[in-house]
Amino acid sequence: MRPPLRQVLADSHVAAVAIALFLLWSLDAAFSAVWPPISHVLEYAFTAIAILDIPYFSHSFTVADRSMLILSLVYLYSCLVSFAAAWVLSRWIYGMGPLAALISLRRKLIRGEHA
């Protein structure tokens, strides 16, 4: 009798690699989502320090601001989807969250309990 798919994925460590990749993609998307707004805030702060005054700031959103916001929201959505995929796969294969599953698997590999 063949073992179930869950057991095959867990024994071959394919699921662990997939979970790690989903978490990395989630982190990449999160940084890509927050970097444009943070860079605008830093630019404003450095300009204020350079001129020793409050720089002029237009209160209307430009097309570039709207597109940056939309792109940040798309990256945030990608971050959430990647993290959800890691979470679902980890719960299905190992019965625990993604970080706990990777830490547990790391401990087993260090102790030499793998097949």
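Residues numbered from 1 in each chain as written. Predicted model: local features only at pLDDT ≥ 70, side-chain atom pairs only at ≥ 80, totals over all residues. Heavy atoms only, no water.

### Examining the nonpolar core
Point 1. Leu 9, Ala 10, Ala 15, Ile 19, Leu 23, Ala 86, Leu 89 and Ile 93 together form the largest nonpolar core, which totals eight residues.
Point 2. Those elements giving two or more residues to this core turn out to be α1 (5-12), α2 (14-51) and α3 (63-93). (Core = buried A, V, L, I, M, F, W, Y, C linked by side-chain atoms within 4.5 Å. Buried < 20%, exposed > 50% of the residue type's maximum accessible area, 1.4 Å probe, protein only. Helix = DSSP H or I, 4+ residues; strand = E, 2+ residues; numbered from the N terminus.)

### Regarding the packing of aromatic side chains
Two aromatic rings, taken as a pair, are described by how far apart their centres are and by the angle between their planes.
Point 1. Enumeration over the complete set of coordinates arrives at two aromatic pairs.
Point 2. Relative to Trp 25, the ring of Phe 22 lies with its centre 5.7 Å away and its plane at 80°, an arrangement referred to as edge-to-face. On the criterion of helical spacing, the pair formed by Phe 22 and Trp 25 is a turn pair, its members being three residues apart in helix α2.
Point 3. Exposure remark for Phe 22: the relative accessible area of 23% places this residue in the partly exposed category.
Point 4. Of the residues examined, Trp 25 reaches a relative accessible area of 48% and is grouped as partly exposed. (Phe/Tyr/Trp six-rings, centres within 6.5 Å; stacked < 30°, edge-to-face > 60°.)

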